[in-house]
Amino acid sequence: MKFLFPKFNKIGMPLLGAAAVALFVLQNRHKLRKRVRIAEERYLENGSVALAALPALRFALLPAMYGAAQKANKHNFGLLPRLGAPKWVKYTLGFALLDYTNYLWHILLHKLPWLWRFHNVHHVDMDLDLSTAWRFHIGENIASVPYRSFMAAFIGVPAPLVLFYEVIFEGCTAFHHSNWRLPFWVERRLCQVVVTPRMHGIHHSIVAQETNSNFSVIFSFWDRLHSTLRLNIPQDAITIGVPSYRNPAEQSPMRLFLMPFDEPRPWKLPSGKIPARNEDMPVTKTHLLP
Ligand SMILES: [Zn+2]
């Protein structure tokens with residue numbers, strides 16, 4: 001078959017598998033946030049959501065993005081072919097621009113109500129670890145197919161770059177969702193360039209202003225560029241999840257699968273209280289705290 005992508009299967013998949021095993025060991029040896037739920041229950045829930053959703057990535061998204069890029073390349077369509085730049089410039093710029101379109105897509109997932117219904121399934125997880133990295137509703141993955149394929153063609157990325165980007169994208173998603181406590185000085189430097197576990201932990205907070213920050217996927221500078229960066233929240237002060245979904249019994253695989261078809265609840269705790277941050281935060285929002 002034309003779109004089996006043997007290199008992706010032979011090199012990309014084993015690399016991602018090895019990264020996932022390494023991150024799993026590291027997050028269990030050096031925990032960043034305390035768990036609030038039994039890990040095995042969540043693994044079952046997140047695994048079920050992923051099992052339904054991953055085929056959409058492999059058999060719809062990847063071929064669609066690759067096919068769109070290939071067509072664009074053939075007809076000299078898109079931004080990059082117009083530059084007439086050397087190959088390495090096209091690859092570097094293409095990689096960065098693909099990442100930028102994913103930052104914008106993540107914003108849309110939060111701002112468009114019908115997309116939020118699907119992305120909510122990812123956010124209602126009450127813990128954040130490696131397994132959350134694959135907890136995306138199949139509807140969210142399918143919705144991303146036309147957007148991401150169009151963007152690949154619009155940028156005019158070289159078709160092989162689509163596959164390379166996807167491996168790095170998946171690896172970085174696994175990394176920043178993991179519960180790995182990196183040495184603080186390392187993470188403080190690292191988050192200047194890429195999204196890190198503490199940075200993404202803030203995006204999964206039940207405090208609305210914190211969820212509405214840190215949308216980047218690979219490079220953290222898109223958040224810096226658009227002033228959506230927030231690093232000034234200590235991890236111990238964060239409650240992970242969505243305030244109106246605090247009952248673990250509502251997170252069975254079937255309930256999660258059907259969740260997008262129910263009216264989303266207002267951003268309030270079951271008590272009616274709206275979560276807020278009371279402590280005085282440092283003046284700068286761009287300063288990572290432990
Ligand atoms: Zn999100």
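Residues numbered from 1 in each chain as written. Predicted model: local features only at pLDDT ≥ 70, side-chain atom pairs only at ≥ 80, totals over all residues.

As recorded in an unreviewed UniProt entry, the protein chain goes by Sterol desaturase family protein and comes from Pontibacter cellulosilyticus. The heading Subcellular location (unreviewed entry) in the UniProt record of the protein chain holds the text "Membrane". (UniProt positions renumbered as here; feature names shortened; annotations may be inferred.)

**With respect to the overall build of the protein chain**
Helix and strand counts for the protein chain come out as 12 helices and zero strands. Listing every helix and strand of the protein chain by position from the N terminus yields α-α-α-α-α-α-α-α-α-α-α-α. Against the compact-globule benchmark of 19 Å for 290 residues, the protein chain has a radius of gyration of 19 Å, which places it among compact chains. Structurally, the protein chain occupies a C-alpha span of about 55 × 45 × 35 Å along its principal axes. Going through the 290 residues of the protein chain one by one, you find that 39% of them count as buried. Partitioning the contacts of the protein chain with sequence separation of at least 6, the portion at a separation of at least 24 is 79%. (Helix = DSSP H or I, 4+ residues; strand = E, 2+ residues; numbered from the N terminus. Rg over C-alpha atoms; globule rule 2.2 N^0.38 Å. Buried ≥ 20, exposed ≤ 12 C-beta atoms within 10 Å, placed from the backbone. Contact = placed C-beta atoms within 7 Å.)

**Side note on the UniProt feature "transmembrane region" (unreviewed entry) in the protein chain**
Following the UniProt record, one finds the feature "transmembrane region" (unreviewed entry) at residues 12-28 and 49-68. The distance from the first to the last C-alpha atom of residues 12-28 is 24 Å, and the span holds 100% helix and 0% strand.

**As for helix H7 (residues 159-177)**
Between its terminal C-alpha atoms H7 stretches 28 Å, which fits the 27 Å expected from 19 residues at 1.5 Å a residue. Taken as a whole, H7 has its buried residues at Leu161, Val162, Tyr165, Glu166, Cys172, Thr173, Ala174, Phe175, His176 and His177. Against helix H1 (6-29), helix H2 (39-74), helix H4 (87-111), helix H6 (138-155) and helix H9 (197-203) lie the buried residues of H7. (Expected span 1.5 Å × (residues − 1).)

**Brief notes about the environment of Glu210**
Among the secondary structure elements, Glu210 is positioned in helix H10 (residues 208-211). For Glu210 and Glu166, which are 44 residues apart along the polypeptide, the C-alpha to C-alpha distance reads 27 Å. If sequence neighbours within four positions are ignored, Glu210 has contacts with Ile202, Ser205, Arg230 and Ile233.

**Side note on the nonpolar core**
Core analysis: the largest hydrophobic core is formed by 59 residues, its most contacted members being Met65, Ala69, Leu98, Ala152, Ile155, Val157 and Val162. Of all the elements in the fold, those that place two or more residues in this core are H2, H4, helix H5 (113-123), H6, H7 and H9. Element by element, the count of residues in this core is highest for H2, at 10 residues. Residues contacting Ile155, with those up to four places away along its chain left out, are Gly78, Leu79, Leu80, Gly94, Leu97 and Leu98. (Core = buried A, V, L, I, M, F, W, Y, C linked by C-beta atoms within 7 Å.)

**Brief notes about the packing of H2 against H7**
Two elements in contact, H2 and H7, have axes separated by 7 Å at closest approach and are oriented at 150°. In this view, H2 runs roughly antiparallel relative to H7, as classed from their interaxial angle. From H2, Leu62, Met65, Tyr66, Ala69, Gln70 and Asn73 reach across to H7, where they touch Ala159, Val162, Leu163 and Glu166. Among the residues making up the contact of H2 with H7, the classes are represented as seven nonpolar, two polar and one charged. (Axes fitted to C-alpha atoms, helices over the stretch in contact; angles between N-to-C directions. Parallel < 35°, antiparallel > 145°, perpendicular 65-115°, else oblique. Nonpolar A, V, L, I, M, F, W, Y, C, P; charged D, E, K, R; others polar.)

**A look at unusual backbone geometry**
Of note in the backbone geometry, Asn76 takes a positive phi value of approximately 55° without being a glycine. Tracing the backbone through its elements, the reader meets Asn76 in the loop between H2 and helix H3 (79-83).

**Points about the UniProt feature "domain: Fatty acid hydroxylase" (unreviewed entry) in the protein chain**
As annotated by UniProt and renumbered to match this structure, "domain: Fatty acid hydroxylase" (unreviewed entry) occupies residues 93-228. In the segment residues 93-228, helix accounts for 66% and strand for 0%; the C-alpha atoms at its two ends are 22 Å apart.

**Quick notes on the environment of Phe118**
Relative to the helices and strands, Phe118 is located in helix H5. A tally of 21 C-beta atoms within 10 Å means that Phe118 is categorised as buried. C-alpha separation for the pair Phe118 and Ser149, spaced 31 residues apart in sequence, amounts to 19 Å.

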